[in-house]
Amino acid sequence: MEVPILKQSHYLIASIQAALTDADLLQLRDALAEKVGRFRSRGVIVDVTALDVMDSFASRTLRDLAHMIRLRGAETVIVGIQPEVALAMVQLGLTLEGVATALDLEEGLAFLNEKTQRHLGIETNSPRK
Amino acid sequence: MEVPILKQSHYLIASIQAALTDADLLQLRDALAEKVGRFRSRGVIVDVTALDVMDSFASRTLRDLAHMIRLRGAETVIVGIQPEVALAMVQLGLTLEGVATALDLEEGLAFLNEKTQRHLGIETNSPRK
Amino acid sequence: MITAMNTETTVPINSDADIVVARQKSRELAVHLGFSPTDSTLIATAISELARNIVLYAKHGEIIVGAVQNASRYGIVVVARDKGPGIPNIEQAMQGGYSTSRSLGLGLPGVKRLMDQFDIVSSLGAGTTVTVRKWRDAERSYVLPTVS
Amino acid sequence: MITAMNTETTVPINSDADIVVARQKSRELAVHLGFSPTDSTLIATAISELARNIVLYAKHGEIIVGAVQNASRYGIVVVARDKGPGIPNIEQAMQGGYSTSRSLGLGLPGVKRLMDQFDIVSSLGAGTTVTVRKWRDAERSYVLPTVS
Ligand SMILES: Nc1ncnc2c1ncn2[C@@H]1O[C@H](COP(=O)(O)OP(=O)(O)O)[C@@H](O)[C@H]1O
Ligand SMILES: Nc1ncnc2c1ncn2[C@@H]1O[C@H](COP(=O)(O)OP(=O)(O)O)[C@@H](O)[C@H]1O
């Protein structure tokens, strides 16, 4: 099950649609690290709303993904972690430390707009096309 | 193998051309820290696109370099970390925390323009050349 | 304790795709048994960790999910078993932070926190069996359809 | 396991320039064996760490890179060995964050994550031998040119 990656202006949005195998997650990580360069994206949103379970492997892979994207000069935000998934993660000791999170896609976009504008410092007063 | 350092307006650009020994990396670090004073540079770009491997020594040296340049009053950005190099770094636990990164030379220049403009508080309202 | 199972499912674990099947089957059963969505997610997460340990360390094994009942409570029981290398030092493995793989070593202690009961039997060269249970809140009035 | 090597290269490690040679040789062999560019980079990075440990802690040693094959898979094997001081407490060194130099102590646990198999033998005063392997994805159909 490959995760569709949408390009939306300066961002890449990966919306996980269903349960993913470990191999799917690694594939997503590597695809985003490559595409962020190809499309010169400033930010990446990974929407995990539909992910059934965030176990230690998924957490670790998303953390690695965020760090890789950072090393490539872009920002990552994980959105859509559901309350019960968050509880399971906390009980497993998985806190995604150092990784930005937001409530949902809308908040994730707002975060990236703020974050990447400040980074690149352009058009802060003019509307973005 | 000495790394050529180009002076371009207010910036220094070090483009790593091939694999570097540990001694080469230390030499680069010290040369940049010295030149940033000599040329009164506001920013430094280290382009690692051609670096075959970013291991713990290289990461540490680049991090030290960025911190030294900061203490000399200028900004550093590391550009050109390739996806597979980013993966290796992350698996080694090397995240270059606190060091600015950008996709490539162009993005690195944009970052420095923003960063050093804000720092020096000049030209914020004038069009960018 | 008297345990009775009628809805028992066995999931063979041989690859990472089977990890997904195991956690889906355990969630389905949990929901069917009247566990809340939250508890069902906790259970599915625990089973995901146990199934991955089988794939990582023993290559092959199975996960058996079933209903369990004693005098006062209903619950779910999950058995993860393999004929893999076994765990040399269970105490160390349960402490957390210990890992023989690329991992964080949070799995087993985390599973214990996610579930209500946790038992592990492992012998070197013979394999590992982890048995976990979670009980439904006693006060809820839901009754199992056909537990004998 | 039956191992057969035909393309074996030994790189003497005596200075930091040799670290570069070791990682280049290991990358070359990895590419030759059909590893992806990504995997070849992971391998070269691991070997860079092992070679640096030799220079840092043992001064002299060698890195041997070769092909390895068992019933079902091809891979690369790298042996890093020295007659240096040895590591007093391997478990501690493997935990990460432990370092006797100015370093981060991420090297050895990191090397383990980068590779598929990791073995270390070290005795005080006699030296250290680290053997690492990485396997090519089993499903890929590439066949080694001349492994006997
Ligand atoms: N089914 C198993 N067979 C053999 N060893 C196991 C098994 N499950 C766990 N282990 C051992 O126990 C250690 C700790 O396991 P766990 O807490 O799940 O953490 P992790 O899988 O992240 O290392 C593992 O690194 C492994 O050495
Ligand atoms: N070849 C070696 N000979 C002797 N000691 C070693 C060797 N390799 C590693 N060590 C010891 O193990 C420790 C951890 O090594 P490592 O994880 O690579 O981290 P680092 O090199 O960053 O300290 C080192 O600080 C050193 O004390």
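In this text, all values refer to a predicted model and were calculated from it rather than measured experimentally.

Here the focus is the overall build of chain A. The secondary structure content of chain A amounts to four helices and five strands. What you see in chain A, going N to C, is helices and strands ordered as β-β-α-β-α-β-α-β-α. Relative to the 2.2 N^0.38 estimate, which gives 14 Å for 129 residues, the radius of gyration of chain A is 14 Å and therefore close to what a compact globule would have. In terms of overall dimensions, chain A has C-alpha extents of about 45 × 25 × 25 Å along its principal axes. Every one of the 129 residues in chain A was classed for burial, and the buried ones make up 53%. Entry remark: accessible area of chain A is about 5,500 Å², with carbon and sulfur atoms responsible for 52%. Across chain A, 14 positive and 17 negative side-chain charges occur, with their mean positions spaced 12 Å apart.

Let us now look at the pattern of salt bridges. All names here are of chain C. One pass over the full model with this rule turns up 19 salt bridges over all chains. Note that Arg81 is salt-bridged to Glu62, the shortest N-O span being 3.0 Å. One end of the pair, Arg81, is in strand E3 (residues 74-82); the other, Glu62, is in strand E2 (residues 61-69), and 19 residues separate them in sequence. A residue is classified by how much of its surface remains accessible, and Glu62, at 25% relative accessible area, is partly exposed.

For the rest of this paragraph, the subject is the side chain of C:Asp18. Residue and element names in this part refer to chain C. The residue Asp18 is located in helix H1 (residues 16-32) in this model. An unpaired buried charge is present at Asp18: no salt bridge exists, and Lys25, the closest side chain of opposite charge, is 11 Å distant. Dropping the residues within four chain positions of it, Asp18 is found in contact with Val11, Pro12 and Ile13.

Facing 21 residues of chain B, the contacting portion of chain D comprises 25 residues. Carbon and sulfur atoms supply 55% of the area that chain B and chain D bury against each other, a total of about 1,900 Å² over both sides. The three residues of chain B that bury the most area against chain D are B:Val53, B:Gln91 and B:Leu92, which together make up 29% of that side's buried surface. Across the pair D:Arg52 and B:Asp22 runs a salt bridge whose closest N-O atoms are separated by 2.6 Å. Our count for the chain B to chain D interface comes out at ten residue pairs in polar contact (both at pLDDT 80 or more). Here the side of chain B that touches chain D takes six residues from helix H3 (residues 83-92) of chain B, the largest share from any one element. Split by residue class, the side of chain B that touches chain D holds eleven nonpolar, four polar and six charged.

The next point concerns the sheet that holds strand E4 (residues 75-79) of chain B. Residues and elements named next belong to chain B. With respect to topology, five strands assemble into an open sheet ordered E1-E2-E3-E4-E5, the strand pairing being mixed. Edge strands, defined here as strands with exactly one partner in the open sheet, are strand E1 (5-8) and strand E5 (100-102). Going across the sheet, the axis of each strand differs from the next one's by a mean of 25 degrees, ignoring polarity. Here E1 pairs with strand E2 (residues 11-15) via four bridges, running antiparallel. When the bridges of E2 are listed, Leu6 appears paired with Ile13. Each of E1, E2 and strand E3 (43-47) is contacted by helix H1 (residues 22-38), which is oriented at about 165 degrees to E2, the strand it contacts most.

Of the residues in chain A, 91% reach a pLDDT of 70 or more, and the chain-wide mean stands at 89. For the stretch residues 119-129 of chain A, pLDDT sits under 50, and the model shows 21 contacts to residues farther than four places along the chain or on other chains.

Reading the values: the criteria
- Residues numbered from 1 in each chain as written.
- Chains lettered and ligands numbered in written order.
- Predicted model: local features only at pLDDT ≥ 70, side-chain atom pairs only at ≥ 80, totals over all residues.
- Heavy atoms only, no water.
- Helix = DSSP H or I, 4+ residues; strand = E, 2+ residues; numbered from the N terminus.
- Rg over C-alpha atoms; globule rule 2.2 N^0.38 Å.
- Buried < 20%, exposed > 50% of the residue type's maximum accessible area, 1.4 Å probe, protein only.
- Areas by Shrake-Rupley, 256 points an atom, 1.4 Å probe, with all protein chains shown as cover.
- Lys, Arg positive; Asp, Glu negative; His and termini not counted.
- Charge placed at Lys NZ, Arg CZ, Asp CG, Glu CD.
- Salt bridge = Lys/Arg side-chain N within 4 Å of Asp/Glu carboxyl O.
- Contact = heavy atoms within 4.5 Å.
- Buried area = accessible area lost by both parts, 1.4 Å probe.
- Polar contact = N/O pair within 3.5 Å; in protein donor to acceptor, adjacent residues only side chain to side chain.
- Nonpolar A, V, L, I, M, F, W, Y, C, P; charged D, E, K, R; others polar.
- Pairing = 2+ DSSP bridges.
- Axes fitted to C-alpha atoms, helices over the stretch in contact; angles between N-to-C directions.
- pLDDT = per-residue confidence, 0-100.

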